Amino acid sequence: MGLVTTREMFERAAKGGYAIGAFNVNNMEIVQGIVEAAAEANSPVILQASSSAIKYAGPTYLKKMIEAAIEINKEKGMDIPIALHLDHGADFEICKECIDSGFTSVMIDGSKYPFEENVALTKKVVDYAHMHGVSVEAELGKLAGVEDDVNVAESDANYTDPKEAAEFVRRTGCDSLAVAVGTSHGAYKFKGEPRLRFDILEKISEALPENYPLVLHGASSVPQEYVEMCNKYGGKLPGARGVTEDLLARASKMGVCKINVDSDIRLAMTASIRKVFTETPEVFDPRNYLGKAREEIKKMISHRIIDVFGSQNKA
Ligand code: G3H
Ligand code: 13P
Ligand code: ZN
């Protein structure tokens, strides 16, 4: 099947009331853990790379690792749809570079700009991407700083406005839209009870064309078992908290077709490596601790795909 765009994945997800996991990749063990989990669950999957991931791994390494994963799936008779997506593209140039080098989807993140500038930048990327058959995700609304203790009027200002969302999608032609409904990036998302603004999510969906795919960034659930494991074995992550899995499951039935997860991969990896280092200080073979980290990533992603996002057997 090779790399695919997100178009068909999202169409089917929106109609079927489930979401596709979009997992951040930075190195070989992460790619392997994600792809093995998705292939065994017979699920479509999105592998996404941020600009810093591309810089860290090197664009050629990243691309070739993903091609290797696809080839291995084919050999095993476990061919699943995989999209390669640029996460948080900051400008037209990085989007163009990724489109030219074979990414099948890009995000242009103009959310930091005023509305009109975001529209103009997104439209420019959409025009170029569509000429090359590539899908575009855009963002409207601000994720960061939405905290439980911020007063309602202030925090409402950060959420995506449904009317603006409709105008934005119509004017830019973007293929999916990342919305701000209470999530934030990283491992410290909520001071109080985790909650999402499903009322706003519903209004956004209603304002957009039927089955229009929405994207949830900052959607790690920050499993407490990993936080505890990190802390037990010398880490320092006090009060780390994420979006609970029941909230994610609910969002995936409400028009959210893509759920972004990066922090949970970092946590699974760090927790398992810390455990090895503390319990067996004599170990110094990277295949030992990186192998355990890969297994933990795979386990966490299998669970997310099968029990939370609902994309098992949708390949
Ligand atoms: O949303 C951001 C992602 O977690 C990527 O983070 O830029 O550190 O790779 P990064
Ligand atoms: P988390 O930090 O919640 O994993 O979010 C990742 C993300 O949104 C990547 O774009
Ligand atoms: Zn993000």
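Whatever comes next refers back to the structure up there.
Just so we're clear, the structure is a prediction, and the values are computed from it rather than from any experiment.

*Asks:* Help me get a handle on the site of ligand 2, residues and values and all.
*Replies:* For ligand 2, the set of nearby residues contains 15 residues, the closest of which are D87, K189, S220, D262 and S263. With respect to ligand 2, the side chain of D87 contributes an N or O atom lying 2.7 Å from an oxygen atom. Listed by contribution, the elements that provide at least two residues to the shell around ligand 2 are β3 (82–89) and β8 (256–261). In terms of residue class, the shell around ligand 2 is built from 2 nonpolar, 10 polar and 3 charged.

*Asks:* So what about the state of the cysteines? Which residues, and what values?
*Replies:* One pass over the full model with this rule turns up 0 disulfides. Considering cysteine sulfurs only, C98 is the nearest to C95, which forms no disulfide, with 7.1 Å between them.

*Asks:* With reference to specific residues and values, describe the site of ligand 1.
*Replies:* The local shell around ligand 1 consists of N24, S50, S52, D87, H88, H185, D262 and R266. Residue R266 places a side-chain N or O atom 3.1 Å away from an oxygen atom belonging to ligand 1. Classifying every residue of the shell around ligand 1 by side-chain character gives no nonpolar, 5 polar and 3 charged.

*Asks:* Provide a residue-level description of the sheet that holds strand β1 (residues 20–24), including the pertinent values.
*Replies:* Hydrogen bonds along the backbone pair up the strands of a sheet, which may run parallel or antiparallel. Strand order around the closed barrel formed by 8 strands is β1-β2-β3-β4-β5-β6-β7-β8, with parallel pairing between neighbours. When the angles between neighbouring strand axes are averaged without regard to direction, this sheet yields 25 degrees. Running over the sheet, helix α5 (residues 92–100) touches β3 and β4 (105–108) and is turned about 175 degrees from β4. Contacts from helix α9 (residues 198–207) reach β6 (176–179), β7 (214–216) and β8 within the one sheet, and its direction differs from that of β7 by about 155 degrees.

*Asks:* Residues and numbers for the packing of helix α12 (residues 263–279) against helix α13 (residues 286–309), please.
*Replies:* With their axes 8 Å apart at the nearest point, α12 and α13 run at an angle of 140 degrees to one another. Relative to α13, α12 is oriented oblique. As for how α12 packs across α13, the hand of that crossing is right-handed. Together, D264, I265, A268, M269, S272, I273, V276 and F277 of α12 and N288, Y289, L290, K292, A293, E296, I297, M300, I301 and R304 of α13 make up the contact between the two elements. Taken together, the residues that form the contact of α12 with α13 break down as 12 nonpolar, 2 polar and 4 charged.

*Asks:* Give me the packing of aromatic side chains: which residues, what numbers.
*Replies:* The full count for this structure, using the stated rule, is 4 aromatic pairs. An angle of 25 degrees between the planes, with centres 6.5 Å apart, marks the rings of F23 and F309 as stacked. Here F309 lies in helix α13 and F23 lies in strand β1, a separation of 286 residues in the sequence. Above the ring of F92, the side-chain terminus of K124 is found at 4.5 Å from the ring centroid. The ring centre of F198 lies 3.9 Å from the NZ or CZ of R250, which sits over that ring.

Scoring rules and cut-offs
- Residues numbered from 1 in each chain as written.
- Chains lettered and ligands numbered in written order.
- Predicted model: local features only at pLDDT ≥ 70, side-chain atom pairs only at ≥ 80, totals over all residues.
- Heavy atoms only, no water.
- Near = heavy atom within 4 Å.
- Polar contact = N/O pair within 3.5 Å; in protein donor to acceptor, adjacent residues only side chain to side chain.
- Helix = DSSP H or I, 4+ residues; strand = E, 2+ residues; numbered from the N terminus.
- Nonpolar A, V, L, I, M, F, W, Y, C, P; charged D, E, K, R; others polar.
- Disulfide = S-S within 2.5 Å.
- Pairing = 2+ DSSP bridges.
- Axes fitted to C-alpha atoms, helices over the stretch in contact; angles between N-to-C directions.
- Contact = heavy atoms within 4.5 Å.
- Parallel < 35°, antiparallel > 145°, perpendicular 65-115°, else oblique.
- Left-handed = near helix turned anticlockwise from the far one by under 90°.
- Phe/Tyr/Trp six-rings, centres within 6.5 Å; stacked < 30°, edge-to-face > 60°.
- Lys NZ or Arg CZ within 6 Å of the ring centre and 35° of its normal.

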